[in-house]
Amino acid sequence: MVSSGTVSSDLGILRTSFSSYQSSISDLSSVWKGDSYNNLVTQSEQFVSEYKSAIEKQMNAFASACASYAEYVQTKSALASARAAYAQAEAEKNTGLMSSYSTQIAELSSKLERLKAEIEASLAEASSPAFAAPTTASYNGITATSLAASSPVAVQKAIDTALGLAADDTHGYSQNTRWGNPNYDCSSFVITCWDSAGTGVKDAGATYTGNMKRAFLSTGLFEWIPGTLKAEELQPGDVLLNQKVHTEMYIGDGKMVGAHGDFDGSNGDGNGRELSVCKYSGSWEGVLRYIGPSTTATTVSL
């Protein structure tokens with residue numbers, strides 16, 4: 001049986017390895033700087049922190065199971081001795097000892113059951129996946145991960161929400177039922193997607209194209225880039241905005257997603273075009289670009 005001491009020793013080795021990994025990444029700063037370096041450092045630090053936390057939790061749970069098992073073995077041995085002593089007292093018709101050993105047997109049996117439950121719970125925690133791959137929406141095979149793998153988590157979340165809504169034909173275009181009940185128009189669609197990423201744009205007052213610029217900028221998480229940009233100048237998550245006409249979200253690879261119009265007069269998207277992904281086009285007053293925390297998503301499967 002592996003002891004809790006062995007697990008603690010292995011955990012110490014793991015922590016040392018993580019520290020060495022972080023030091024190796026940091027050492028690169030003397031010879032290599034720039035966006036790529038900063039991105040690698042950010043991802044490595046997040047990976048180390050999350051991975052170490054998950055592994056430590058599992059190893060501590062396993063160490064707890066080992067300690068409980070050692071106590072379980074001792075208790076089981078004590079129970080066997082108490083039962084043997086009870087049998088001897090019964091043979092000698094010593095009612096006083098029989099009563100004493102009977103109490104011991106009941107207490108030790110109860111302790112065994114408690115320890116068994118503790119061991120099972122600790123082993124369940126130790127064997128659970130440290131990381132679970134996030135569920136991502138797909139629109140005709142397009143995912144946020146495939147389009148914006150190196151983008152901040154908030155950008156991936158906004159795009160993931162947009163693709164999920166576009167793929168769900170229960171949502172169509174309407175200016176009357178425009179907040180997902182069940183439909184959207186162009187502005188409520190983009191606002192909802194970015195609000196789902198924790199940016200607070202709804203609380204900031206974003207309700208339609210005419211106030212989106214002010215509301216988004218007031219969060220401190222976006223910057224305004226005026227003019228119609230070329231596709232190669234855009235970044236995934238960029239909000240394409242014409243304040244009097246329309247808005248869409250650029251998702252990368254020359255594509256944008258948005259709510260385009262009510263083509264059948266009914267709730268939902270009967271033809272798959274009302275909320276959809278299409279080729280980047282249009283004339284825009286400018287772009288609202290996310291400039292918030294640059295933490296990137298890390299997906300690990302164990």
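Scroll up to find the structure.
Residues numbered from 1 in each chain as written. Predicted model: local features only at pLDDT ≥ 70, side-chain atom pairs only at ≥ 80, totals over all residues. Heavy atoms only, no water.

A. Quick peek at the environment of K279. Take K279: it is sitting in strand 7 (residues 275-279). Along the backbone, K279 and G254 are 25 residues apart, and their C-alpha atoms lie at a distance of 6.0 Å. Excluding its chain neighbours within four sequence positions, the residues that come into contact with K279 are G254 and M256. (Helix = DSSP H or I, 4+ residues; strand = E, 2+ residues; numbered from the N terminus. Contact = heavy atoms within 4.5 Å.)

B. Focus on the packing of helix 6 (residues 186-195) against helix 7 (residues 209-218). It is at 9 Å that the axes of helix 6 and helix 7 come closest, and there the two elements cross at 25°. As summarised for this structure, helix 6 and helix 7 are arranged roughly parallel, according to the angle between their axes. The crossing of helix 6 and helix 7 is left-handed. Contacts between helix 6 and helix 7 involve C186, S187, V190, I191 and W194 from the former and T209, M212 and F216 from the latter. In terms of residue class, the contact of helix 6 with helix 7 is made up of six nonpolar, two polar and no charged. (Axes fitted to C-alpha atoms, helices over the stretch in contact; angles between N-to-C directions. Parallel < 35°, antiparallel > 145°, perpendicular 65-115°, else oblique. Left-handed = near helix turned anticlockwise from the far one by under 90°. Nonpolar A, V, L, I, M, F, W, Y, C, P; charged D, E, K, R; others polar.)

C. Expanded view of the sheet that holds strand 5 (residues 246-252). Pairing within the open sheet is antiparallel, and its six strands lie in the order 3-8-4-5-6-7. Taken across any chain shown, the strands that pair with only one partner, and hence form the sheet edges, are strand 3 (222-226) and strand 7. Averaged over all neighbouring strand pairs, the angle between strand axes comes to 30°, with direction disregarded. Two elements, strand 5 and strand 6 (residues 255-259), share three bridges in a ladder whose sense is antiparallel. Pairing of G252 across the sheet is with K255, part of strand 6. Set on the sheet, helix 6 makes contact with strand 3, strand 4 (239-242), strand 5, strand 6, strand 7 and strand 8 (286-290); between it and strand 5 the angle comes to about 45°. The sheet contacts of helix 7 involve strand 3, strand 4, strand 5 and strand 8, and relative to strand 4 the element is tilted by about 135°. (Pairing = 2+ DSSP bridges.)

D. Helix 6, seen in detail. Summarising burial for helix 6: nine of the 10 residues are buried, a large majority. When we look at burial in helix 6, the residues that qualify are C186, S187, S188, F189, V190, I191, T192, C193 and W194. (Buried < 20%, exposed > 50% of the residue type's maximum accessible area, 1.4 Å probe, protein only.)

E. Local environment of the nonpolar core. Residues F189, W194, F216, F222, M249 and V257 are the most contacted members of the largest nonpolar core, which totals 34 residues. Listing elements by their share of this core, those giving two or more residues are helix 5 (153-167), helix 6, helix 7, strand 4, strand 5, strand 6, strand 7 and strand 8. Residues within four places of F189 in sequence aside, it is in contact with A162, L165, Y184, V257, G258, A259 and L275. If you look at the next biggest cluster of nonpolar residues, it comprises nine residues, including L229, L240, M256 and V287. (Core = buried A, V, L, I, M, F, W, Y, C linked by side-chain atoms within 4.5 Å.)

F. Fine view of helix 5. Here helix 5 contains 15 residues, and its C-alpha end-to-end distance of 21 Å stays within 8% of the 21 Å for a straight helix at 1.5 Å per residue. The buried fraction of helix 5 is high, at 11 of 15 residues. For helix 5, the set of buried residues is A154, V155, Q156, A158, I159, D160, T161, A162, L163, L165 and A166. (Expected span 1.5 Å × (residues − 1).)

G. A look at the pairing of strand 6. Burial analysis of strand 6 places four of its five residues in the buried class, which makes it a mostly covered element. Two successive antiparallel strands, strand 5 and strand 6, enclose a turn made up of two residues, where D253 displays a positive phi of approximately 60°. Sheet topology note: the strand 6/strand 7 ladder contains five bridges and is antiparallel. Note on strand 7: the bridge partner recorded for K255 is K279.

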